[in-house]
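Listed below are the residues making up each chain.
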Protein chains: 2
Amino acid sequence: MNNKAWTLASYPAGWVSEENFKLVESPVPPPKEGEVLVKNLWLSLDPYMRGRMSQQKSYVKGVEIGEVMTGQTVGEVLESKDAAFKPGDKVLTGLGWQLYGCAKGAELNKVPEGRAPLSYYLGCLGMPGMTAYFGLKEIGAPKAGETVVVSAASGAVGSVVGQLAKIAGCRAVGIAGGAQKCDYVVKDLGFDACVDYKAGNLYRDLREACPKGVDVYFENVGGEILDTMLRLMNPFSRIVVCGLISDYNATEPYRVAMFRSILVNRIKVQGMIVFDWKDRYGEALKALGGYLAAGRLKYRESVLEGIERAPGGLVSLLKGGNFGKQLVKLA
Amino acid sequence: MNNKAWTLASYPAGWVSEENFKLVESPVPPPKEGEVLVKNLWLSLDPYMRGRMSQQKSYVKGVEIGEVMTGQTVGEVLESKDAAFKPGDKVLTGLGWQLYGCAKGAELNKVPEGRAPLSYYLGCLGMPGMTAYFGLKEIGAPKAGETVVVSAASGAVGSVVGQLAKIAGCRAVGIAGGAQKCDYVVKDLGFDACVDYKAGNLYRDLREACPKGVDVYFENVGGEILDTMLRLMNPFSRIVVCGLISDYNATEPYRVAMFRSILVNRIKVQGMIVFDWKDRYGEALKALGGYLAAGRLKYRESVLEGIERAPGGLVSLLKGGNFGKQLVKLA
């Protein structure tokens, strides 16, 4: 039985290309004592992966050249040398871009079967959903009647942010690229409005969509969208800095012009990484699972078939080419 | 009896110059019913005044052309048509850049005599002191053992910030312009270190002065100093955005390059205006007055004699030419 794994071949300068990856085949190793052999079923592709393909200082170490690309998967246990797992168990793993892998039991989390599709534990019930949940609740802290704006609104995180804002009694406004995504955000997800940043009138369109200004901005994108939002923030508003995807492929970072708005409007701007709330994942899972079961949380996936397509999927994701949570179906 | 008042003659483009002001003489008006006639003794010059000489949106309305320049004074009551005040009372006023003025009693605050020099109520016991107190305590929230950095460290706000940080058990590091100010900050105010931003090695010098990184940065300056500090902030650190003086005279704002550090390090960045805590001024006054009486709070004033010198004093202040709290002695 052979494994296929995508390793990092080189660090990209600027945009990621498929040449930065190398597909390696090797025999599947047997699990050692305390380890579990997992067959990966679903691989999640996420913007943070760009940050790991770098030697720049970040909140976790980057991937080294020749190492398997990092990533979350949902898989099935094939063989276990940890008493807590048995063949057939479904698990959430950090095994990355490969078909099979061994991990210590402590590094795996069991995923329940039957409640929701397994792939959802990589999306609205996984890291992106929890990012939306804790970022909005703990930093954005929206009050009923306030206006919440989220960028990358049709994506895995943004779509949950806006729907949670609606559940909290807020006006939810999305920013997305293209009419199709904007339609989806309003008609399917139930946002009050969605602005197409590709339409060329970002400031004017956002001002129209937010007649009472903006109280919470959930930032996934950065760049000119951030500067435009800084012009629209209300006094005592909050900005959740969750992602700056427009910077990830830039060789020079975007330089923010409207920093002064933070002073004038006494804005609170706070960066977040979902791992900071890992002790409270259970709370988020319960809340999000409840909304999903009640039909109050809509969710869309974009699926690529086969591990071979992973690099192209990430390249496209970083350019906004996905529509919904980006997954690779491995088996 | 004639009044002399500096009015705004024109809005500056870029740096303020003395030609932006016009000195106007006129008879002193008698107080109307409910008003108090005050003879100003001390005028405070502060960086925020640059913001008022502008039609740009800010947290309060700017000064109109022909209006008396805004500013705080300490004065003496000459005549009162408000039963709460009597001639001889010393009061804190918002009468601005003039020798005499009438104000409603509700717009004045009595200042006690004998506890501290009257001018201190424009400085370490006034708005600058309260800015330092609430910004550091409520947003910076330093814990003993942490490192606190403050820019414009020899100024009215910065000098109090660093001394309060020491009282809280922190390492206090200042940033100031020139060896003389840095010496004062360390030797007289008791900071652990002070970096001269004019010496040309800002990043290296700050890194040496902050061997454990920075947990709280109290920002009075902005510009390249802000970008340099963003490279030195620790995970979960806080930035109090109190002033961006380097931007106030710029026709184009400085563009911040290191915004990404907010995400990577989960920094909380929050703007502040001291008026937001006006209900708690008594608390700050009690604390600061206590430290002053106990000799734990050192304070330095820079005094110009005569109202004629006010415009030149502000021009110099905005270029960092003052050394300590800038005042104009009016009588």
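The shown structure was predicted, so the numbers you read here are calculated from the model rather than taken from an experiment.

**Quick look at the overall build of chain A**
Link 1 in the chain: Looking only at helices and strands, chain A has ten helices and 15 strands in total.
Link 2 in the chain: Against the compact-globule benchmark of 20 Å for 331 residues, chain A has a radius of gyration of 20 Å, which places it among compact chains.
Link 3 in the chain: Here the C-alpha coordinates of chain A stretch approximately 60 × 45 × 35 Å along the principal axes.
Link 4 in the chain: Counting contacts in chain A only where the partners sit at least 6 residues apart, residues at least 24 apart contribute 65% of the total.

**Focus on the interface of chain B and chain A**
Link 1 in the chain: Tallying the contact residues gives 24 residues for chain B and 24 residues for chain A.
Link 2 in the chain: For the side of chain B that touches chain A, the secondary-structure elements that each account for two or more residues are helix H8 (260–264) and strand E13 (268–271) of chain B.
Link 3 in the chain: Across the side of chain B that touches chain A, the residue classes tally to 14 nonpolar, four polar and six charged.
Link 4 in the chain: Where strand E13 (residues 268–271) of chain A meets E13 of chain B, three bridges bridge the pair, whose relative direction is antiparallel. Note on E13 of chain B: the bridge partner recorded for Val269 of chain A is Val269 of chain B.

**With respect to the environment of Trp6 of chain B**
Residue and element names in this part refer to chain B.
Link 1 in the chain: Summarising the element assignment, Trp6 is placed in strand E1 (residues 2–8).
Link 2 in the chain: Classification of Trp6 as buried rests on a count of 24 C-beta atoms within 10 Å.
Link 3 in the chain: Along the backbone, Trp6 and Met233 are 227 residues apart, and their C-alpha atoms lie at a distance of 42 Å.

**Quick word on the domain arrangement of chain A**
Residue and element names in this part refer to chain A.
Link 1 in the chain: Domain assignment breaks chain A into domain 1 (2–122 + 300–329) and domain 2 (127–275).
Link 2 in the chain: Taken over C-alpha atoms, the centre of domain 1 sits 28 Å from the centre of domain 2.
Link 3 in the chain: Contacts between the two partners involve 14 residues from domain 1, matched on the other side by twelve residues from domain 2.
Link 4 in the chain: Of the residues contributing to the side of domain 1 that touches domain 2, the split by class is seven nonpolar, five polar and two charged.

**Details of the packing of helix H2 (residues 127–140) of chain A against helix H9 (residues 281–293) of chain A**
Residues and elements named next belong to chain A.
Link 1 in the chain: Relative to each other, H2 and H9 sit at 100 degrees, their axes nearing to 10 Å. With respect to each other, H2 and H9 are oriented roughly perpendicular. Between H2, through Gly129, Met130, Tyr133 and Phe134, and H9, the contact on the second element is made entirely by Tyr281, Ala284, Ala287 and Leu288.
Link 2 in the chain: For the contact of H2 with H9, a count of residues per class yields seven nonpolar, one polar and no charged.

**Focus on the sheet that holds strand E10 (residues 193–196) of chain B**
Link 1 in the chain: Overall, mixed pairing links the twelve strands, which are arranged E10(A)-E9(A)-E8(A)-E11(A)-E12(A)-E13(A)-E13(B)-E12(B)-E11(B)-E8(B)-E9(B)-E10(B) in an open sheet. Each having just a single partner strand, strand E10 (193–196) of chain A together with E10 of chain B make up the two edges of the open sheet. Averaged over all pairs of adjacent strands, the angle between their axes in this sheet comes to 15 degrees, without regard to strand direction.

**Thoughts on the relation of the copies chain B and chain A**
Link 1 in the chain: Of the transformation placing chain B onto chain A, the axial shift is 0.0 Å and the rotation is 180 degrees, giving an RMSD of 0.0 Å. Taken together, the rotation and translation relating the two chain copies correspond to the operation of a two-fold axis.
Link 2 in the chain: Of all interface residues in chain B, 100% are interface residues in chain A too; the two copies therefore contact each other through one and the same surface.

**A closer look at helix H10 (residues 310–318) of chain A**
Each α-helix turn comprises 3.6 residues. Residues three or four places apart therefore point the same way.
Residue and element names in this part refer to chain A.
Link 1 in the chain: Among the residues of H10, those classed as buried are Ala310, Pro311, Leu314, Val315, Leu317 and Leu318. Seen along its axis, H10 keeps its buried residues to an arc of 165 degrees; they face one direction.
Link 2 in the chain: Where H10 is buried, its residues meet strand E1 (2–8), strand E2 (21–27), strand E3 (35–44), helix H1 (48–52), helix H7 (245–248) and strand E15 (325–329).
Link 3 in the chain: Downstream of H10 by a residue or two, Gly320 has a phi angle that is positive, lying close to 80 degrees.

**A closer look at the environment of Leu136 of chain A**
Residues and elements named next belong to chain A.
Link 1 in the chain: The topology assignment puts Leu136 in helix H2.
Link 2 in the chain: Taking the C-beta count within 10 Å as the criterion, Leu136 has 26 such neighbours and is therefore assigned buried.
Link 3 in the chain: Along the sequence, Leu136 and Lys39 sit 97 residues apart, while their C-alpha atoms lie 34 Å from each other.
Link 4 in the chain: When residues no more than four places from it in sequence are discounted, the contact partners of Leu136 are Pro142, Val161, Leu164, Ala165, Phe218 and Val240.

What counts and how
- Residues numbered from 1 in each chain as written.
- Chains lettered and ligands numbered in written order.
- Predicted model: local features only at pLDDT ≥ 70, side-chain atom pairs only at ≥ 80, totals over all residues.
- Helix = DSSP H or I, 4+ residues; strand = E, 2+ residues; numbered from the N terminus.
- Rg over C-alpha atoms; globule rule 2.2 N^0.38 Å.
- Contact = placed C-beta atoms within 7 Å.
- Nonpolar A, V, L, I, M, F, W, Y, C, P; charged D, E, K, R; others polar.
- Pairing = 2+ DSSP bridges.
- Buried ≥ 20, exposed ≤ 12 C-beta atoms within 10 Å, placed from the backbone.
- Domains from an automatic or database assignment.
- Axes fitted to C-alpha atoms, helices over the stretch in contact; angles between N-to-C directions.
- Parallel < 35°, antiparallel > 145°, perpendicular 65-115°, else oblique.
- Least-squares fit on C-alpha atoms with pLDDT ≥ 70 in both.
- Arc of directions from axis to C-beta.

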